[in-house]
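# A look at the structure
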Amino acid sequence: MKVLIVGAGGFVGGFLANESLSRGYETWCGVRETTSRRFLTDPALNFITLDYESPAKLAEAMAGHHWDYIVYNLGATKCVNFLDFNHINYTYIRNFCDALVSNAQVPGRFLYMSSLSALGPGDEKNYTPLNGEMIPQPNTRYGLSKIKAETLLQTLHSFPWIILRPTGVYGPHEKDYLMMIKSIDSRFDFGVGFRKQMLTFIYVEDLARAVFDALENAPVHSKYIISEPKAYTQKEFRSIVARELGRRFVIPVKLPLWIAKIACKISEKYGAAKMKAVTLNSDKYNIMAQRNWTCDTSDAERDFGFRARIDLREGIHRTVRAYKSGID
């Protein structure tokens, strides 16, 4: 059995490659010329260089290969120009699927890594968990590009897609949650908004297991939310991180949403001027402002036995241990 992981060079990609090897698959990593291979050091890995700008170039590069499973993990979470979200997260997968079809290389299973942001805000009054029956209403450009890619797959005749929508993914090497950990290590925890916010997480190894469990067991043409079943308040997250860091006193700093919005706008303008993708932007504001990230994962539990093995306490323990060891 051969697996191709498209977008293998990033934070999640390295864990996907390790999980694939641990299950005995012949594992291929789809990378670009400029892709770092710092998390892809196992000599058992195979590599193929892909140019996503052109279906013809993709078809030429992939000619003669056959993969039983393909995991499409390529995507951008922040961009200098918001039009790049559409180009990278939608046009690239369209080009890739066109190349597969033209080469008659459609695999037995094709898993697309989407995002919980594709659904948009849910019930922020009663905090009903987000679920697979919701009508997607993404309120970020990132989420919109993800739902466009999902819709594309659904229009492809006889294409065996499976879609995962993970909540916030964390673990060693991840950057955004590391910023929060470093802030708490400095004895400050910054939050936004004064109304209750429920947060959900998935440890990266649990996500990697979910990907391959879904490939092996889930029915095609299905979509699944992937998350630890428990939701946490910001205070609970802070307490878990502070305990792991050995910080007895951490000062919580709550910013009104309007201040956070201004800060994100300024940061976004600065990033545009410097031609640099920044963490704080309009998309990030909408994500921070969303109060309800509670998830219903019962579909994944029923269809392929999904269960998050690593809760936030254990996941933060592993992440902080890597942070203290200088692994970033």
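In what follows, the structure referred to is the one given above.
Here goes a summary of the coordinates provided. In this text, all values refer to a predicted model and were calculated from it rather than measured experimentally.

In this structure the tally under the stated criterion is 19 aromatic pairs. Following the ring pairs from residue to residue traces out a cluster consisting of Tyr 170, Tyr 177, Phe 201, Tyr 203, Tyr 232 and Phe 237. Lying across the ring of Tyr 127, Lys 196 places its NZ or CZ 4.3 Å from the centre. Of note, Lys 230 hangs over the ring of Tyr 232, and the distance from its end group to the ring centre comes to 5.0 Å.

In the contact formed by helix α2 (residues 55-62) and helix α3 (residues 83-102), the axes pass within 8 Å of each other and the chain directions differ by 50 degrees. Accordingly, the angle class assigned to the pair α2 and α3 is oblique. Here the hand of the crossing between α2 and α3 comes out right-handed. For the pair formed by α2 and α3, the contact residues are Pro 55, Leu 58, Ala 59 and Met 62 on the first element and Asn 95, Phe 96, Asp 98, Ala 99, Leu 100 and Ser 102 on the second. Residue classes in the contact of α2 with α3 are distributed as seven nonpolar, two polar and one charged.

With respect to the secondary-structure elements, Glu 268 resides in helix α8 (residues 257-274). Comment: no salt bridge for buried Glu 268; closest opposite-charge side chain is Lys 265, at 4.7 Å. If sequence neighbours within four positions are ignored, Glu 268 has contacts with Phe 82, Val 278, Leu 280, Asn 281 and Ser 282.

In the structure shown here, the tally under the stated rule is 15 salt bridges. For Arg 23, the salt bridge goes to Glu 216, with nearest N and O atoms at 3.0 Å. A residue pair is termed long-range when its members are at least 10 positions apart, and Arg 23 in the loop between α1 (11-22) and β2 (26-31) and Glu 216 in helix α6 (residues 204-217) qualify at 193 residues. When its relative accessible area of 27% is taken as the criterion, Arg 23 is described as partly exposed. The partner of Arg 195 in a salt bridge is Glu 124, with the nearest N and O atoms 3.6 Å apart.

Rules and cut-offs
- Residues numbered from 1 in each chain as written.
- Predicted model: local features only at pLDDT ≥ 70, side-chain atom pairs only at ≥ 80, totals over all residues.
- Heavy atoms only, no water.
- Phe/Tyr/Trp six-rings, centres within 6.5 Å; stacked < 30°, edge-to-face > 60°.
- Lys NZ or Arg CZ within 6 Å of the ring centre and 35° of its normal.
- Axes fitted to C-alpha atoms, helices over the stretch in contact; angles between N-to-C directions.
- Helix = DSSP H or I, 4+ residues; strand = E, 2+ residues; numbered from the N terminus.
- Parallel < 35°, antiparallel > 145°, perpendicular 65-115°, else oblique.
- Left-handed = near helix turned anticlockwise from the far one by under 90°.
- Contact = heavy atoms within 4.5 Å.
- Nonpolar A, V, L, I, M, F, W, Y, C, P; charged D, E, K, R; others polar.
- Buried < 20%, exposed > 50% of the residue type's maximum accessible area, 1.4 Å probe, protein only.
- Lys, Arg positive; Asp, Glu negative; His and termini not counted.
- Salt bridge = Lys/Arg side-chain N within 4 Å of Asp/Glu carboxyl O.

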